[in-house]
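Architecture and fold: a report
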Amino acid sequence: MKYSKKWSSLFLASALTLSTFSIAQPQVQAAEVEKPTKPTNVIMLVMDGSSNNAVSLSRWYKGGNLAMDEILSGGVRTYSAESAITDSAPAATALATGHKSNDKFVGVLPATVSSPGLEQVAKEDAFKPVANVLEGAKQQGKATGLISTSEIQHATPAGFSAHATNRSQYDNIAEQQVYQNIDVVLGGGSESLTPGTTKNARKDGENLVDVLNEKNYDFVKTRDELLNSTSSKIWGSFAPSALAYDLDRAKTRPNEPTLAEMTGKAIDTLKKDEDGFFLFVEGSKVDWAAHKNDTIGIISDILSFDDAVKEAVDFAKEDGNTMVIAVTDHGNSGITMGNANTSSTYSSMPVSAYIDPLKKATMTVEGALSQLKEDKSNLVEVAALYGLDDLTEDELATLKSAKDIGDEMVKMLANRANIGYTTGGHTGEDVFLYSYGPSKITGLVENTDLAHSMAQFMGFDLNKLTDDLYIPATKAFKDKGYTTKIDLADKENPKFIAQKDDVTFTIPVNKNTLIYEDASTKTTKTHTFDTINVYNGTEFYVSKKVLNVIK
């Protein structure tokens, strides 16, 4: 009952908010606070693919309050420009840029809009890059950071750092992230930094680790290297793809840092910048566990995420000028406490009926299966690692004959713990909003509102920023009297080329450079900027800073 006052306040705020805006034009309800003194900081945390029910279950499992509980302030609508149920790419785009987008799109506008109440996108703006809050913070002179427990090139961190028409374009995303000159980058995805033959290895021939070394990053690969680094520029790449689930880490990958450790180290590094900082943090694998209906994986990484939230809030309390936002980008799996087993017994079932079976697991299903021998001779022991002790003959037979052992294991544990699932995909419910600090956000809001609130707090306008950072290059150069072409001879390394008389400008894709050549004087010069060049498959986009050097 001690939560009743907090919940009453939340529901009242939501009701008041709903009464004052239409679907098309929701308004953020900001608390009346004294205007913060500079420098301002923003820490944005996303637990990908979580849900309100999953958070409730995790709280029961922990046996105490979560750090998030203290800063619960409202709710968020998550739909995309085309669907009531969003994918992570358009969800990240909305949270980072303030624009709804569509499936697979990262940091670019959609071509079509079908969700009710949203304005259509102009034909000429389809797939146009739109600026994100990290880029805006950088233009304000702030330090920036990006953290993820998945590949750092995955959809959600990509939405806060890159622009691509498909979230699978890891080559482009990784290259843009490197040339964005983000101060602290921590997570997985080392595979996409160097050339190779594996799925996500670079196809363009560029070794981005060499580039990072040239840019004076401290490139670290282990927890100890990270925690011992004294550099102001750190790139931590701790796994070829994703990091381990938090519950599995000690046994399977002890050299990886926890999400809370990465968050704390990033804050300690970034806070030294006198202009303030922006930090994005993602607990990625809640979503992955939810797709698999892995109850233990969900709980593991929600609690890990909550530890990271505590790091952020503790700093914000001490600092006084830091906005903290924590949210999930969308629901996933339709997880419930209660299933068909409890249809007639729910009112008398104790918490232990749900939690005790889960407490028997010492690893997630991913972690447990990593211990399975090739001949499956230790199947019983592996099942026990996931909490499935005392297997019945039928259960053992099911596991032995299963095409996907993990799929059967998660079903068995969910059944024992009376946990329900409706899907292996995303879901469309509104999700909790957690916010703390100056100008904290309350009420029921659109996911796009969060981006604009962060930008306003840091002192810039996202739409104006887009106008400054992403200008169609063809028209801009033609207006200056140049002939232009997009050179696709090397399909992995497109280039924009503009020529007038003896002068040629070459703009390489995804980088922050412009190459000037004058044939008459045999002069070549490379200009470097704090903005990047983006190609969306049709047009190159460059910043005003690039165009300002063109005569």
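Residues numbered from 1 in each chain as written. Predicted model: local features only at pLDDT ≥ 70, side-chain atom pairs only at ≥ 80, totals over all residues. Heavy atoms only, no water.

**A short note on the environment of Asp468**
Considering the arrangement of structural elements, one finds Asp468 in helix 19 (residues 462–469). Each C-alpha atom, one on Asp468 and one on Ser543, is 5.7 Å from the other, the two residues being 75 residues apart in sequence. Beyond its immediate chain neighbours, meaning those up to four positions away, Asp468 contacts Ser543 and Lys544. (Helix = DSSP H or I, 4+ residues; strand = E, 2+ residues; numbered from the N terminus. Contact = heavy atoms within 4.5 Å.)

**Some details on the sheet that holds strand 21 (residues 523–528)**
Read from one edge to the other, the open sheet built from five strands follows the order 17-18-19-20-21, with strand pairing classed as antiparallel. Strand pairing shows two members of the sheet lacking a second neighbour, strand 17 (483–487) and strand 21, which therefore form its edges. Strand-to-strand twist in this sheet, taken as the mean axis angle between neighbours without regard to direction, amounts to 20 degrees. With six bridges connecting them, strand 18 (residues 495–500) and strand 19 (residues 503–508) associate as antiparallel partners. The residue bridging Lys500 from the neighbouring strand is Val503, located in strand 19. (Pairing = 2+ DSSP bridges. Axes fitted to C-alpha atoms, helices over the stretch in contact; angles between N-to-C directions.)

**Points about the packing of aromatic side chains**
A full pass over the atoms with the stated rule returns 13 aromatic pairs. Ring centres of Phe432 and Tyr434 lie 6.2 Å apart, and the angle between their planes is 80 degrees; this geometry places the pair in the edge-to-face category. Taken as a pair, Phe432 and Tyr434 share a single burial class, namely buried. Taking 5.9 Å as the distance between ring centres and 45 degrees as the angle between the ring planes, the aromatic pair formed by Phe496 and Phe540 counts as tilted. Highlighted residues: Phe496 in strand 18 and Phe540 in strand 23 (residues 540–542), separated in sequence by 44 residues. Ring pairing ties together the aromatic residues Phe477, Tyr482, Phe496, Phe505, Tyr516, Tyr535 and Phe540, which thus form one cluster. The ring of Tyr79 carries Lys100 above its face, with NZ or CZ at 3.5 Å from the centroid. (Phe/Tyr/Trp six-rings, centres within 6.5 Å; stacked < 30°, edge-to-face > 60°. Buried < 20%, exposed > 50% of the residue type's maximum accessible area, 1.4 Å probe, protein only. Lys NZ or Arg CZ within 6 Å of the ring centre and 35° of its normal.)

**Looking at the confidence of the model for the chain**
Predicted confidence across the chain gives a mean pLDDT of 94, with 93% of residues reaching 70 or more. Of the regions scoring below 50 in pLDDT, residues 1–34 engages in 44 contacts with residues more than four places distant in sequence or in other chains. (pLDDT = per-residue confidence, 0-100.)

**Digging into the pattern of salt bridges**
Applying the stated criterion across every chain yields a total of 26 salt bridges. Between Lys100 and Glu446 there is a salt bridge; the shortest N-O distance is 3.2 Å. Residue Lys100 is found in the loop between helix 3 (88–97) and helix 4 (133–139), and its partner Glu446 is found in strand 15 (residues 441–446); the two are separated by 346 residues along the sequence. A relative accessible area of 2% places Glu446 in the buried class. Across the pair Lys411 and Asp407 runs a salt bridge whose closest N-O atoms are separated by 3.4 Å. Of this pair, Lys411 and Asp407 both sit in helix 17 (residues 405–416), separated by four residues, roughly a single helical turn. (Salt bridge = Lys/Arg side-chain N within 4 Å of Asp/Glu carboxyl O.)

**Topic: the sheet that holds strand 23**
Pairing is antiparallel in the open sheet, where three strands are placed in the order 16-23-22. Unpaired on one side and paired on the other, strand 16 (471–472) and strand 22 (534–535) mark the two borders of the sheet. As judged from the two bridges shared by strand 16 and strand 23, these two strands associate in the antiparallel manner. Following the sheet pairing, Ile471 is matched in strand 23 by Val542.

**Quick look at the pairing of strand 3 (residues 72–77)**
Most of strand 3 sits inside the fold, with six of its six residues counted as buried. With four bridges joining them, strand 3 and strand 14 (residues 431–436) adopt antiparallel strand pairing. Within strand 14, the position partnered with Gly75 by the bridge is Phe432. Relative to strand 15, strand 3 runs parallel, the two being bridged by four bridges. Across the sheet, the residue bridging to Val76 is Val445, located in strand 15.

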